[in-house]
Amino acid sequence: PGGFLSVRDLQVTFSTEDGPVRAVDGLSFDVDRGRTLGIVGESGSGKSVTNLTVLGLHDPLFTTVDGEIVLDGKELITATEKELEKLRGNRVAMIFQDPLTALSPFYTIGRQIAEPYRKHTGASKKAAWERAVEMLGKVGIPHPAERARDYPHQFSGGMRQRAMIAMALVCDPDLLIADEPTTALDVTVQAQILDLLKDLQREFGTAIVFITHDLGVIADMADDIMVMYAGRAVERGTVDEVLRAPRHPYTWGLLNSMPRLDSDLATPLSPIPGTPPSLLTPPSGCRFHPRCAFRDRVGGGRCATESPAPAPGHRFSACHLGAAQQRTIFADEIRPR
Ligand code: SF4
Ligand code: MG
């Protein structure tokens, strides 16, 4: 039995001029109603690809998708474009970092929020317009009744971002996919938007997939976390498990490159040395091994030859280090830094 959204062994392969690129390689996760799954990773980790695939927004000519994506009992990989389109407007919504990908320059902001609402609820033009104004107010646009008549170019970047969020939320989606939605906003607006998403979730039981590289935002928003590296999940657990007792060396690196969430100590920040691998020629064995400071603690050179499988179950770390060894290293070497 999976969650409201259930993804099993997802494989996404792009054909490129240089050969096939497996952008997502064997990913499984669940998101229940009323819960938020935070997906964290550097760019190129596959976190955005995963979500475009869930929405059927990948390019079918150059992309092969295998595995299972089931939303509320409906298989999406085999769904028709028409079925997906209906789903995207109504039950599933998304917000991106760049609002101009979602907003048309040719229509007023109010109309762009009112139209999908009208289409999906059958509301009158007037009721839909009122709803659009209400949504603009909810996302913190001042004088929403007047500003609804503006075109996107008359809005500042932050206001466009809020308008896109209003547009995504106007139909009360069951599943919201948010890909770095607040990254470009200042801290105050970011906090308002995150509060808004939490309110919506409480009110409507929305399932949220929240993609970000910002662990502070994840700590605030998510119930569960999945850490991705080079197309694979390397660690998963509840927010507390992953942020308080992280087990995977890559997660340690991510946490060390962020200001500490729980302390006012001046912590020197140490980014993970090296860069994420090319997915055209991913490293053998554990994909993190070229950058991992702990690979020599695993016997027999296993890290370079044997790929650590993500264990079944909610809490896992795909790493050859044993759980006890991970706890000791974290307590003695990572945490005190
Ligand atoms: Fe590091 Fe080996 Fe664990 Fe990969 S499997 S994270 S290389 S210790
Ligand atoms: Mg991205």
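Residues numbered from 1 in each chain as written. Chains lettered and ligands numbered in written order. Predicted model: local features only at pLDDT ≥ 70, side-chain atom pairs only at ≥ 80, totals over all residues.

With respect to the pairing of strand S6 (residues 92–95)
- Residues Val92 and Met94 point to one face of S6 and Ala93 and Ile95 to the other, with burial holding for every one of them.
- Two elements, S6 and strand S7 (residues 175–179), share 4 bridges in a ladder whose sense is parallel. When the sheet's bridge partners are listed, Ala93 is paired in S7 with Leu176. (Buried ≥ 20, exposed ≤ 12 C-beta atoms within 10 Å, placed from the backbone. Helix = DSSP H or I, 4+ residues; strand = E, 2+ residues; numbered from the N terminus. Pairing = 2+ DSSP bridges.)

Some words on the sheet that holds strand S11 (residues 316–317)
- One open sheet holds the 7 strands; their spatial order is S6-S7-S8-S3-S9-S10-S11, and the pairing between them is mixed. At either margin of the open sheet sits one strand with a lone partner, and together these are S6 and S11.
- The pairing of strand S9 (residues 224–229) with strand S10 (residues 232–238) spans 6 bridges and is classified as antiparallel. Residue Met228 lies in a different strand from S10, and its bridge partner there is Ala233.

Re the site of ligand 1
- In the vicinity of ligand 1 there are 14 residues, among which Cys286, His289, Cys292, Cys303 and Cys319 approach most closely.
- Taken together, the residues of the shell around ligand 1 break down into 10 nonpolar, 3 polar and 1 charged. (Near = placed C-beta within 6 Å. Nonpolar A, V, L, I, M, F, W, Y, C, P; charged D, E, K, R; others polar.)

Structural notes on the environment of Asp66
- Turning to its location among the elements, Asp66 is positioned in strand S4 (residues 63–71).
- You can call Asp66 exposed: it has 12 C-beta atoms within 10 Å.
- Asp66 sits 12 residues away from Thr78 along the chain, and the two C-alpha atoms are 10.0 Å apart.

Description of the UniProt feature "domain: ABC transporter" (unreviewed entry) in the protein chain
- UniProt tags residues 7–255 as "domain: ABC transporter" (unreviewed entry).
- Annotated as residues 7–255, this span is 40% helix and 27% strand, and its ends, taken at the C-alpha atoms, are 26 Å apart. (UniProt positions renumbered as here; feature names shortened; annotations may be inferred.)

Overview of the pairing of S4
- Sheet analysis places strand S1 (residues 5–16) next to S4, joined by 8 bridges and oriented antiparallel. Paired with Phe14 across the strands is Thr63, a residue of S4.
- The pairing of S4 with strand S5 (residues 74–75) spans 2 bridges and is classified as antiparallel. Bridge pairing links Val70 to Glu75 in S5.

A word on the domain arrangement of the protein chain
- Its domain assignment divides the protein chain into domain 1 (101–172) and domain 2 (248–334).
- Put simply, the middle of domain 1 and the middle of domain 2, counted by C-alpha atoms, are 43 Å apart. (Domains from an automatic or database assignment.)

Looking at the nonpolar core
- The biggest cluster of nonpolar side chains holds 85 residues, and the ones touching the most others in it are Ile113, Ala132, Leu136, Ala163, Ala166, Ala168 and Val227.
- Element by element, the count of residues in this core is highest for helix H6 (residues 157–169), at 8 residues.
- Of the residues that make up this core, three or more belong to each of domain 1 (101–172) and domain 2 (248–334).
- When neighbours within four sequence positions are excluded, Ile113 is seen to be in contact with Ala132, Met135, Ala166, Met167 and Val170. (Core = buried A, V, L, I, M, F, W, Y, C linked by C-beta atoms within 7 Å. Contact = placed C-beta atoms within 7 Å.)

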